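# Notes for the structure review
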Amino acid sequence: MNYLAHLHLGGDAPPQLLGSLYGDFVKGPLAGRWPAEIEAAIRLHRRIDAFTDSHPLQARARARFPAARRRMAGMLLDLFFDHCLARDWAEYAAQPLDHFTREVYRVLAAEAELPGRLALMAPRMAAQDWLGSYREFAVLEQVIAGMQRRLSRPQLLDGSLAELERLYEPLSEDFRAFYPELMAFARGERA
């Protein structure tokens, strides 16, 4: 899952929101570097990733991609599934998406010491409403271009937007089948 899903699944309290994002930026053992609630949310982020990566519905969705793209299929699914979540937000959350994203941006802005690259990204994320913009499929083109800039072999993502467009309906169905299971898993892990 990508940023929006992790934030949605991780809990509503500010430390949970922070840890849900930190999971993509903090690597290695957690040895009390962050407050306990944030570290708990980072650990939940990691368990969500492990659950997702090993789930049969995810394997089915990855298998929809051509063999040459499968290496990048997980990254593309994370991105596409955030699009699906934003697009269908009202089916999975009581709070409107724009209220949720404003709260996330407020929590990020109030945190004095965001880790590494997140500290650089957070102001742009809020100013450009990255999380809310996932509603629009066309935004994925910009996100993929950004991913390409960070890859040592950016050509691995050439043509991937066209593939996502071609696979739009079956991948949307995969999301609808998988996300409720992931929500139940995350709820159980937080309890």
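Cut-offs applied
- Residues numbered from 1 in each chain as written.
- Predicted model: local features only at pLDDT ≥ 70, side-chain atom pairs only at ≥ 80, totals over all residues.
- Heavy atoms only, no water.
- Helix = DSSP H or I, 4+ residues; strand = E, 2+ residues; numbered from the N terminus.
- Rg over C-alpha atoms; globule rule 2.2 N^0.38 Å.
- Contact = heavy atoms within 4.5 Å.
- Lys, Arg positive; Asp, Glu negative; His and termini not counted.
- Charge placed at Lys NZ, Arg CZ, Asp CG, Glu CD.
- Core = buried A, V, L, I, M, F, W, Y, C linked by side-chain atoms within 4.5 Å.
- Buried < 20%, exposed > 50% of the residue type's maximum accessible area, 1.4 Å probe, protein only.
- Patch = residues over 30% accessible without salt bridge, like charges linked within 9 Å, V, L, I, M, F, W, Y side chains within 5 Å.
- Areas by Shrake-Rupley, 256 points an atom, 1.4 Å probe, with all protein chains shown as cover.
- Salt bridge = Lys/Arg side-chain N within 4 Å of Asp/Glu carboxyl O.

## Some points on the overall build of the chain
Per the secondary structure count, the chain includes 12 helices and zero strands. Helices (α) and strands (β) of the chain occur, in sequence order from the N terminus, as α-α-α-α-α-α-α-α-α-α-α-α. A compact globule built from 191 residues would reach a C-alpha radius of gyration of about 16 Å, and the chain, at 16 Å, matches this within 12%. Considering only C-alpha atoms, the chain reaches an extent of 45 × 35 × 35 Å along its principal axes. For the chain, contacts bridging at least 24 residues in sequence account for 69% of all contacts bridging at least 6. Here the chain holds 24 positive side-chain charges and 25 negative ones, and the gap between their average locations is 5 Å.

## Some points on the nonpolar core
Within the largest apolar cluster, 63 residues are counted, with the highest numbers of intra-cluster contacts made by Leu 4, Tyr 22, Phe 80, Leu 108, Leu 164 and Tyr 179. With 10 residues, helix α5 (residues 70-87) is the largest single contributor of residues to this core. Among all residues touching Leu 4, those that are not within four sequence positions of it are Asp 82, Leu 85, Ala 86, Trp 89, Leu 97, Phe 100, Leu 131 and Tyr 134.

## Quick notes on a positive patch on the surface
Together, Lys 27, Arg 46, Arg 117, Arg 124, Arg 149 and Arg 150 make up a region of like positive charge exposed at the surface. Looking at the positive patch, the elements with two or more residues in it are α8 (116-127) and α10 (139-150). Its location among the elements puts Arg 150 in helix α10.

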